[in-house]
Amino acid sequence: MKKNVFVAIAMLFTLLCSGCWDMREIEQRGYIIGLALDTYQDLQDTLTPVQKMRPQSGKKKYVMTAQIPIWKLGQPIAGGAGGGGVGKQKATWNLSVEGNSLMEMNRELATRSAYPPFYDDMVAVVISQDLARQNIVPFLDFMLRDIEFRPAVRLFVAEKKARDILSVIPQIDSYSSQYLWGISQNNYKTGRMLFNVTLGDISEYLYADQDFALPLVRNARNEIKNAGAVVIRKNKMVGQLNELETAALNMVNNNFKGGVVTFTCPDHPEEIITYEVRQAKTLIYPEIKKGRFHFRLETYLQGNVAEIESARFRDAGSQAFLEKVSAEVSKTTETNIRHTLTRLQKYKADAAQLITQVKQKKYKAWKKTKSEWRDKYFPLATFDIQVKAQVQYIGTTK
């Protein structure tokens, strides 16, 4: 008898625990795949009545735009993989809302969509430069706390309005967020775009009180360009790096995954030679000389001669020619790195994170100087930059 009662209870317990009590079908979720954040001042005149919201307290600061895919018009996200495009047809619903609390604005979206917001598949967050110049911590706090925001979500800064980036209708991809994510995957082709920066990276930088850089994006009609970077100092944007400076910063941070170095031919200044970088590695050695920090940077490049503008170079495989290429690549790269570090010193922003090298290799000096690193020690640091470029292949001509 006791055995039968036990079996009955076990079966009842199994029935009660089967399935998910809070299950919601995939078609009933509002999958937000991208977010854009602008200042309220920049967009207040463009908001419609349904996009307005009265905050419970305080003044309006932000306009948040959430991008929701229209499944019947587009393709599945598949982690950002390519979709079969819909041409010029808009395949997303971009919902904008004003406010001063991202959590409050997030809940406000539920007043306009039958599908509650769901962030597990989000791939990109875009913020405007005007917002980045203020303080990135207040509006990132919600994303860093909420469990639906994955650490792998990538962060970008728009040259103008962030909402305009999400408004782009891609030529191939279905969704602009997916399009932007896909472009960022091409960093192995060019060093001119900053290596991927995620919410997880931002969390580490903020916790360590480090300066850093964020990728800069621009839009024009139906295109997005990811090139250049913005420099963040004490959680605020203080300046920009152009494309060549961004490539140099990637090299210093060992994030240069591929790209080219071009230079004028030593024997024919009107002609260009292109060197394709296949591998790049930088070693950094901090020292202290006369009370000032001195950094010895050793950058090693391996690559190929990818293009010679003139067909006259029949001796391209000679040792003399290869030595000239190596010397010119080294000289050009050294100049770019030095110029970039000087620019960061001007901003008093250690986006190259040299202080990490000091902490690892000169710990006692780091403890004494870390509180004044940005304002006193980093701007006065000196550099010895050595670049050694090796030519592996010169290619073939038909």
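You'll find the structure just up there.
My aim in this report is to walk through the structure given alongside it, one point at a time. All values derive from a computational prediction rather than experimental measurement.

A few points about unusual backbone geometry
In step 1: Despite not being glycine, Asn235 has its phi angle at roughly 70°, a positive value.
In step 2: Inspection of the secondary structure assignment puts Asn235 in the loop between β9 (223-233) and β10 (236-241).
In step 3: Backbone geometry places Lys348, a non-glycine residue, at a positive phi of 55°.
In step 4: Overall, the relative accessible area of 36% leaves Lys348 in the partly exposed class.

Some details on empty space enclosed by the protein
In step 1: The full count for this structure, using the stated rule, is two cavities of 30 Å³ or more.
In step 2: Taken as a whole, the largest cavity holds about 70 Å³ of empty space.
In step 3: Class assignment of the residues belonging to the lining of the largest cavity gives a composition of six nonpolar, six polar and one charged.
In step 4: Roughly 30 Å³ of volume is contained in the second largest cavity.

Some words on the sheet that holds strand β6 (residues 124-128)
In step 1: Here eight strands make up an open sheet; going across it, the order is β4-β3-β2-β6-β7-β8-β9-β10 and the pairing mixed. At either margin of the open sheet sits one strand with a lone partner, and together these are β4 (92-99) and β10. Averaged over all pairs of adjacent strands, the angle between strand axes in this sheet comes to 30°, irrespective of strand direction.
In step 2: Pairing analysis gives six bridges linking strand β2 (residues 34-39) to strand β3 (residues 62-69), with the strands arranged antiparallel. Within the sheet, the bridge partner assigned to Ala36 lies in β3 and is Thr65.
In step 3: Packed onto the sheet, helix α5 (residues 137-145) meets β2, β3, β6 and β7 (154-158) and runs at close to 160° relative to β2.
In step 4: The sheet contacts of helix α10 (residues 319-347) involve β9 and β10, and relative to β10 the element is tilted by about 155°.

A word on the sheet that holds strand β12 (residues 272-289)
In step 1: Ordered by their spatial adjacency, four strands build an open sheet running β11-β12-β13-β14, and the pairing between neighbours is mixed. Two strands lie at the open edges of the sheet, namely β11 (259-264) and β14 (382-393), each paired on one side alone. Strand-to-strand twist in this sheet, taken as the mean axis angle between neighbours without regard to direction, amounts to 40°.
In step 2: Two strands pair when backbone bridges link them, and β11 and β12 are joined in this way by six bridges, in the antiparallel orientation. Of the residues in β12, the one forming a bridge with Val261 is Tyr275.
In step 3: Seen against the sheet, helix α11 (residues 354-361) touches β12, β13 (292-308) and β14 and runs at an angle of roughly 50° to β12.

Reading the values: the criteria
- Residues numbered from 1 in each chain as written.
- Predicted model: local features only at pLDDT ≥ 70, side-chain atom pairs only at ≥ 80, totals over all residues.
- Heavy atoms only, no water.
- Helix = DSSP H or I, 4+ residues; strand = E, 2+ residues; numbered from the N terminus.
- Buried < 20%, exposed > 50% of the residue type's maximum accessible area, 1.4 Å probe, protein only.
- 1 Å grid on protein atoms, 1.4 Å probe; cavity = no way out; pocket = protein on both sides within 12 Å on 5 of 7 lines; lining within 4 Å.
- Points joined across faces, edges and corners; volume = space filled by probe spheres on them.
- Nonpolar A, V, L, I, M, F, W, Y, C, P; charged D, E, K, R; others polar.
- Pairing = 2+ DSSP bridges.
- Axes fitted to C-alpha atoms, helices over the stretch in contact; angles between N-to-C directions.
- Contact = heavy atoms within 4.5 Å.

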